[in-house]
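So the chains spell out like this:
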Amino acid sequence: MSEIIILFLGAISAGLLGSLTGLGGGVIIIPLLTLGFGVPMHYAIGASLISVIGTSSGAAVAFVKEGFTNMRIGMFLEIGTTAGAIIGALVSGMLNPNTLGIIFASILLLTVVLNLKGKPDHQEPLIKGSLEERLKLYGTFPDKGVLKSYSARNTVPGFLMMMFAGAMSGLLGIGSGALKVLAMDNMMRLPFKVSTTTSNFMIGVTAVASAMIYFQRGEIIPVIAAPVLVGVVVGSFIGSKTLMVSKTKKLKTFFAIVITILSIYMMYNGINKSFR
């Protein structure tokens, strides 16, 4: 019973961090399960995918209501992430746990680098006759009581990056939010909060596609996934409210410290073949 309570509290923290950064709770859940509770890697990935769905669902409702999420852009890019997620989930079943652990740690380190990289908060105008206009990849978002307009750029490179993000999600059971935000913020030049909140909206759909494959293989265990899911939903709801009044720079610094420690420890255990 005490282990379930600890797992539940850990899941709340994962959901809080996941919704604040748009990166999904899996980056905390998988180390918690594999290193903290000794859960086999593939079962941890399965539970993490369920938690990622919870993170997205809990945060996405608030973000859509507040007017930050661009659902049209999210649903268009979801075509690429879903295709990638299915491929990643199939490949995951062919890899041993220690290889997955090393890949996971590498992606976490990449996530830290991407989130610490300084970049302006884009707000690009719509270009008449562009691909973005034809696909209607533009919108508005509230900023201090004022609605500001923006438009996407570089749609094709952004779409390809989304396919890679989806593959990493299916392979590792994480939201791959860092890669999604990279695609939308750096490549497609969307405002940061639009990128983060649209990432949250997309993460759940991506996770469902790959979770079905893990479920078919019997790698989603209810007694593990249930407390993780409930905790993550609670944490993501708290995080969605906090984001509206938070400072982005402080979030990134806190996230970088936590994830760097976890990634180094995951890498160490993968090299020493400690996962099962």
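Residues numbered from 1 in each chain as written. Predicted model: local features only at pLDDT ≥ 70, side-chain atom pairs only at ≥ 80, totals over all residues. Heavy atoms only, no water.

1. A closer look at unusual backbone geometry
For Lys136, which is not glycine, the phi torsion reads 60 degrees and is therefore positive. Turning to its location among the elements, Lys136 is positioned in the loop between helix H6 (131-135) and strand E1 (138-143). (Helix = DSSP H or I, 4+ residues; strand = E, 2+ residues; numbered from the N terminus.)

2. As for the pattern of salt bridges
By the definition in use, this model includes four salt bridges. Here Arg153 ties to Glu124 by a salt bridge, and the two come within 3.6 Å at their closest N and O atoms. With Arg153 in the loop between strand E2 (146-151) and helix H7 (155-172) and Glu124 in the loop between helix H5 (97-116) and H6, this pair connects stretches of sequence that are 29 residues apart. On the basis of relative accessibility, which here comes to 15%, the residue Arg153 falls in the buried class. Judged by its relative accessible area of 16%, Glu124 falls in the buried class. Of the charged contacts in the structure, one is a salt bridge between Glu124 and Arg189, with a shortest N-O distance of 2.8 Å. (Salt bridge = Lys/Arg side-chain N within 4 Å of Asp/Glu carboxyl O. Buried < 20%, exposed > 50% of the residue type's maximum accessible area, 1.4 Å probe, protein only.)

3. A word on the UniProt feature "transmembrane region" (unreviewed entry) in the protein chain
The positions UniProt marks with the feature "transmembrane region" (unreviewed entry) are residues 7-37, 43-64, 76-95, 101-118, 158-179, 199-215, 220-239 and 251-268. Note that residues 76-95 is 85% helix and 0% strand, and that its end C-alpha atoms are spaced 30 Å apart. Helix makes up 100% of residues 199-215 and strand 0%, whereas the separation of the span's terminal C-alpha atoms amounts to 24 Å. (UniProt positions renumbered as here; feature names shortened; annotations may be inferred.)

4. Re the environment of Ala256
Among the secondary structure elements, Ala256 is positioned in helix H11 (residues 248-271). Note: C-alpha distance between Ala256 and Leu116 (140 residues apart in sequence) is 7.3 Å. With sequence-adjacent residues up to four places away left out, Ala256 is seen in contact with Val112 and Leu116. (Contact = heavy atoms within 4.5 Å.)

5. Observations regarding the packing of aromatic side chains
All told, the structure shown has two aromatic pairs when counted by the stated rule. Both rings, one in Phe141 and one in Tyr150, keep their centres 5.9 Å apart while their planes meet at 55 degrees; by these two values the pair is tilted. Take Phe141: its relative accessible area is 6%, and that puts it in the buried class. (Phe/Tyr/Trp six-rings, centres within 6.5 Å; stacked < 30°, edge-to-face > 60°.)

6. Regarding the packing of helix H4 (residues 71-92) against H7
Contact geometry of H4 with H7 gives a least axis separation of 6 Å together with a crossing angle of 35 degrees. H4 and H7 meet at a crossing whose hand is right-handed. Contacts from Phe76, Leu77, Ile79, Gly80, Thr81, Gly84, Ala85, Gly88, Ala89, Val91 and Ser92 of H4 reach H7 at Thr155, Phe159, Met162, Met163, Gly166, Ala167, Gly170 and Leu171. Looking at the contact of H4 with H7 residue by residue, the classes come out as eleven nonpolar, eight polar and no charged. (Axes fitted to C-alpha atoms, helices over the stretch in contact; angles between N-to-C directions. Left-handed = near helix turned anticlockwise from the far one by under 90°. Nonpolar A, V, L, I, M, F, W, Y, C, P; charged D, E, K, R; others polar.)

7. What to know about a nonpolar patch on the surface
Taken together, the side chains of Leu16, Val230, Val234, Phe237 and Ile238 present a nonpolar region at the surface, about 400 Å² in accessible area. When residues of the nonpolar patch are assigned to their parent elements, the largest contribution, four residues, is made by helix H10 (residues 222-243). You can see Ile238 is positioned in helix H10. (Patch = residues over 30% accessible without salt bridge, like charges linked within 9 Å, V, L, I, M, F, W, Y side chains within 5 Å. Areas by Shrake-Rupley, 256 points an atom, 1.4 Å probe, with all protein chains shown as cover.)

8. Considerations on the nonpolar core
Proteins that are soluble and globular tend to have nonpolar side chains buried together. With 63 residues, the main nonpolar core has Leu33 and Leu172 as its most contacted residues. Not counting the four nearest positions on each side in its chain, Leu172 is found in contact with Ile30, Ile45, Leu100, Ile103, Phe104 and Ile107. (Core = buried A, V, L, I, M, F, W, Y, C linked by side-chain atoms within 4.5 Å.)

9. Brief notes about the confidence of the model for the protein chain
Looking at the protein chain, pLDDT values average 82 and 86% of them are 70 or higher. Taken element by element, the protein chain is modelled with least confidence in helix H3 (residues 41-66), mean pLDDT 77, and with most confidence in H4, mean pLDDT 92. (pLDDT = per-residue confidence, 0-100.)

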